[in-house]
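Summary of the model geometry
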Amino acid sequence: MTRHRGWRNLLCLLGAYACFYEDSISSLKCNTDLPQIPQGRPPSVVLVTLDTVRADHMACYGYRQIETPSIDQLAREGIRFEQAYAQVPLTLPSHVVILTGTYPMFNGVRDLTSTGLPATVPTLAEILRQNGYRTAAFVSSFVLNSMWGIARGFELYDDQTDRDTLNKSPSLLERRGDRTMTRALSWLDSRPDGPFFLWVHLYDPHSPYRPAEPYLSRYAGHLYDGEIAFDDAQLGRLFAGLRRLKIYDDTVIVVTADHGESLGEHGEAEHGFFIYNATLRVPLILKTPGSTLASRVVTDPVSLVDLAPAIAELSRISPDSTRSFQGHSLSRMYSGRGELSTATVYAESYYPRNSFGWHELRAAITPQFKYIGAPRPELYELKKDPEEKNDLAVSQSSVAAALRDTLEMLKARYANVSVSRSAAMPDSETIEKLKSLGYLGYRAPAASGDSPLGRADPKDKILVFNQVLRTRELRSLNRFAEADEILTALKRSEPALYIVAFERGENLLTWGKPKAAAEEFRKAVALNPLFDQAWLGLGRAALVLSDNREAGDALRVALRLNPHNYPARRQLARVYWREGRSKEAELELAKVARERPDFAEGRAEHGISLAKLGRYHEALAELSAALTLGYRDAIVYNYAGMAYAETGDGEQAVKAYEKAVQLDPHDAVAYLNLALHYRKRGELAKAREYYKKTCDRSVELCRQYSSHF
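Now for a look at the structure at hand. Every residue gets a number counted from 1 within its own chain, in the order that chain's sequence is written. In view of the model being predicted, local features appear only for residues whose pLDDT reaches at least 70, and side-chain atom pairs are presented and counted only at 80 or more, with totals across whole chains, interfaces and linings using the full set of residues. Derived side-chain values reflect all non-hydrogen atoms in the structure, with water molecules and hydrogen atoms excluded from consideration.

1. Re the overall build of the chain
Going along the chain from the N terminus, every DSSP run of H or I of four or more residues is numbered as a helix, and every run of E of two or more is numbered as a strand. Along the chain, the regular secondary structure elements total 30 helices and 15 strands. Sequence separation of 24 or more characterises 66% of the internal contacts of the chain that already satisfy a separation of 6 or more. Where accessible areas are quoted, they stem from the Shrake-Rupley method and a 1.4 Å probe; at the residue level, only the protein chains shown are allowed to cover. As displayed, the chain has an accessible area near 29000 Å², and 50% of this comes from carbon and sulfur atoms. The criterion used for residue contact is that any of the two residues' heavy atoms lie within 4.5 Å.

2. Some thoughts on the packing of aromatic side chains
Ring pairs are drawn from Phe, Tyr and Trp, using the six-membered ring of Trp, whenever the two centres fall within 6.5 Å, and their geometry is named by plane angle: stacked under 30 degrees, edge-to-face over 60, tilted for the rest. Evaluation of the coordinates by the stated rule reveals 28 aromatic pairs. On the basis of an interplanar angle of 75 degrees and a centroid distance of 5.3 Å, the ring pair of Tyr 566 and Phe 599 is categorised as edge-to-face. Of the two residues, Tyr 566 sits in helix α22 (residues 566-578) while Phe 599 sits in the loop between α23 (582-595) and α24 (600-612), which places them 33 residues apart along the sequence. Of the two residues, Tyr 566 and Phe 599, both sit in the buried class. Each residue is assigned to one of three classes by its accessible area relative to the maximum for its type, calculated with a 1.4 Å probe on protein chains only: buried under 20%, partly exposed between the two thresholds, exposed over 50%.

3. Quick notes on the nonpolar core
Of all hydrophobic cores here, the largest spans 151 residues; its most connected members are Phe 197, Trp 199 and Leu 238. Per-element tally for this core: the top contributor is helix α10 (residues 223-244), with eight residues. Apart from the residues within four sequence positions on either side, Leu 238 is in contact with Val 46, Val 48, Met 181, Leu 185 and Leu 188. The next biggest cluster of nonpolar side chains, apart from the first, holds 32 residues, and it includes Ala 611, Ala 619, Ala 634 and Ala 660. Throughout, nonpolar core names a set of buried Ala, Val, Leu, Ile, Met, Phe, Trp, Tyr and Cys residues whose side chains join them through atoms within 4.5 Å.

4. Brief notes about the environment of Ala 125
Here Ala 125 lies in helix α6 (residues 124-130). Once residues lying within four places of it in the same chain are set aside, the contact partners of Ala 125 are Thr 135, Arg 152, Gly 153, Phe 154 and Phe 197.

5. Some remarks on the pattern of salt bridges
Proximity of charged atoms lets side chains of opposite charge pair with each other. A side-chain nitrogen of Lys or Arg and a carboxyl oxygen of Asp or Glu constitute a salt bridge if their distance falls within 4 Å. Considering all chains together, one arrives at 49 salt bridges under this definition. A salt bridge links Arg 353 to Glu 360, with the nearest nitrogen and oxygen atoms 3.4 Å apart. By relative accessible area, which is 13% here, Arg 353 ends up buried. One salt-bridge network, held together by shared partners, links Asp 484, Lys 491, Arg 504, Glu 520 and Lys 523.

6. Topic: the pairing of strand β14 (residues 369-373)
Most of β14 sits inside the fold, with five of its five residues counted as buried. The alternating pattern of β14 places Phe 369, Tyr 371 and Gly 373 on one face and Lys 370 and Ile 372 on the opposite face, and all of these are buried. Any two strands with at least two DSSP bridges between them are considered paired. Bridge count for strand β13 (residues 361-365) against β14 is four bridges, and the pairing is antiparallel. If you follow Arg 362 over to β14, its bridge partner there is Gly 373. The antiparallel hairpin formed by β13 and β14 contains three residues in its connecting segment.

7. Let's talk about the side chain of Thr 279
As for its position among the elements, Thr 279 is in helix α11 (residues 277-280). Not counting chain neighbours up to four residues away, the residues in contact with Thr 279 comprise Pro 89, His 259, Gly 260, Glu 261, Ser 262, Glu 268, Glu 270, His 271 and Phe 274.

8. Structural notes on helix α20 (residues 532-544)
Each residue after the first adds 1.5 Å to the expected span of a helix. Here α20 contains 13 residues, and its C-alpha end-to-end distance of 19 Å stays within 8% of the 18 Å for a straight helix at 1.5 Å per residue. Burial analysis of α20 places 11 of its 13 residues in the buried class, which makes it a mostly covered element. Turning to α20, its buried residues are Asp 532, Gln 533, Ala 534, Trp 535, Leu 536, Gly 537, Leu 538, Gly 539, Ala 541, Ala 542 and Leu 543. Looking one or two places after α20, you find Ser 546, whose phi comes out positive at around 60 degrees.

9. Regarding the packing of helix α8 (residues 177-189) against α10
Put simply, α8 and α10 touch, their axes get as near as 10 Å, and they point 10 degrees apart. The orientation of α8 relative to α10 falls into the category roughly parallel. Together, Gly 177, Asp 178, Met 181, Thr 182, Leu 185, Leu 188 and Asp 189 of α8 and Phe 230, Asp 231, Gln 234, Leu 235, Arg 237, Leu 238, Gly 241, Leu 242 and Arg 244 of α10 make up the contact between the two elements. For this classification, the nonpolar set comprises Ala, Val, Leu, Ile, Met, Phe, Trp, Tyr, Cys and Pro, the charged set comprises Asp, Glu, Lys and Arg, and every other residue, Gly included, is treated as polar. Its residues assigned to classes, the contact of α8 with α10 shows seven nonpolar, four polar and five charged. Lines fitted to C-alpha atoms define the axes, with helix axes restricted to the stretch in contact, and inter-axis angles between N-to-C directions lie between 0 and 180 degrees. The cut-offs work like this: below 35 degrees is roughly parallel, past 145 is roughly antiparallel, 65 to 115 is roughly perpendicular, and the gaps in between are oblique.

Structure (structure tokens):
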């Protein structure tokens, strides 16, 4: 059977699923010899998104250096799309496209400076749930945390990370794929009755590449492939679970990736910056219920924006419920006569523009050509040049001009005028987590505006981009001198780039050079006055320099710009303590505790501030909350002991002090508190014992309290 005829069979099968909607099948031509699908309950749907997987690194796409038996078997049982493209080469915006069936210019989530999905854009999960589906999602990275709005419609949205680690340092924690899959399989075993929509996201192929054994050893020379092979094994577990439950054959299964990974092509080390095939072309495999469409290959270009419409159609959802979708169901990529679709794939990256002030990149992809809109446009003939090495923009200028017009038409057609264009202000915790991912979630100065004039072509800035990322890597390795050498050189070549001054300030401050760091932060805020992170950096440096006035001024500016900048609020509380403004310090820490109730260190700091003010009952509530959240520090137990003692619970006070000295055997204050406690109770021998331990650890405290013992 030809590929075109195979696709016509897919068209007819999808038409059979939707046969009771006349407007859905009016243009479908079905072969009468095709088996008819029983009109029972709608099929369940399993969607798997593999993070950062390029299509040409999978065995079923012709790659010979990897073993992916689970995905290969799925491809033999379903439809493999040879030319599937992401709309954005970044995890969050690409998943928003997948889960809403809308383009980034409509849903507003274009890069890492987004505040998340607007409530006005429906999700696939919401639509399925409204139509009787039970819904659950299991994701493996903070970048898909429920805070972005993509959890809407899921009855269960499992984005948990390890609580102890999270509260010691509020930085990114990913969850390895085997743990995510175990939780998903547990849900499947106890799933509610009725059809279900299950989304599983596996993050392992994202850098840094460190696959678990035996994949670490087996793929020692190409660890990226080892991560993909590891996730293939997790898919094997999922498929085995579906078979064990006897629901595999009747379930719609979709396996795809949010974007690919550049492994050095065009100078890009990973993804997000450029929109070449290395980061846009992704695997896409669709298995429908039954085996009618086994081993089909579709070669026409398709988009991830088309996935939600396809899933909705297979789930027999009325078109009235899916009017928000902008993609086309995959069944409609061919006409009833089997003619090729004329649809053009759209892709973009606004990361260079929104975070650096350089030009955005947008692409139009047809079966033959790919056009990239930039200050110096690019045109590639994909079948002859899949690696995009031979730019034809000049030699085939008429084709380039036509596709440029297509880009503008797509932009106008799918734009959403109601989406806010104002600069987003992610909170500091979010930014720190994105930095842990290797991304810069900063917003370039508003002066960049909407005019393209004067914005640099990202092709001319890839080395600068790579060097900025390299300095952050060096800083994480405590190689401060090397990082500073690179940043000093960048200052000369990029004097107006605010990120360079900011990163140099961060490097110098971590290096222990606060005076020089403060000077760099001042330059950063001069270049980008609305950059709250630079004001925070200046406040931190000034605190180290004991300049309370500048620290307070800088931190208050940071908070005016972004009231959710909780690290700035914590630092401002330190300023107030130094200035003797203890009540104002407590108020700032109270705001942190209210906004971040699960941040254990913030709850601990608030509890300590309350204890210092003599508000012991309130202090105990906060300190207990911190301990319940997993925070373990001697000072917390010490202040908890003081609060217990002052509220008349001597037994708990002793336990808290003893826990403090257990955690920190050098804690002279805790030993002194034990000595004073036993002296007050008249147990003088114990009091002198603990006083002696105090003297062994602090001459000053020994002398100060000598008259008591």
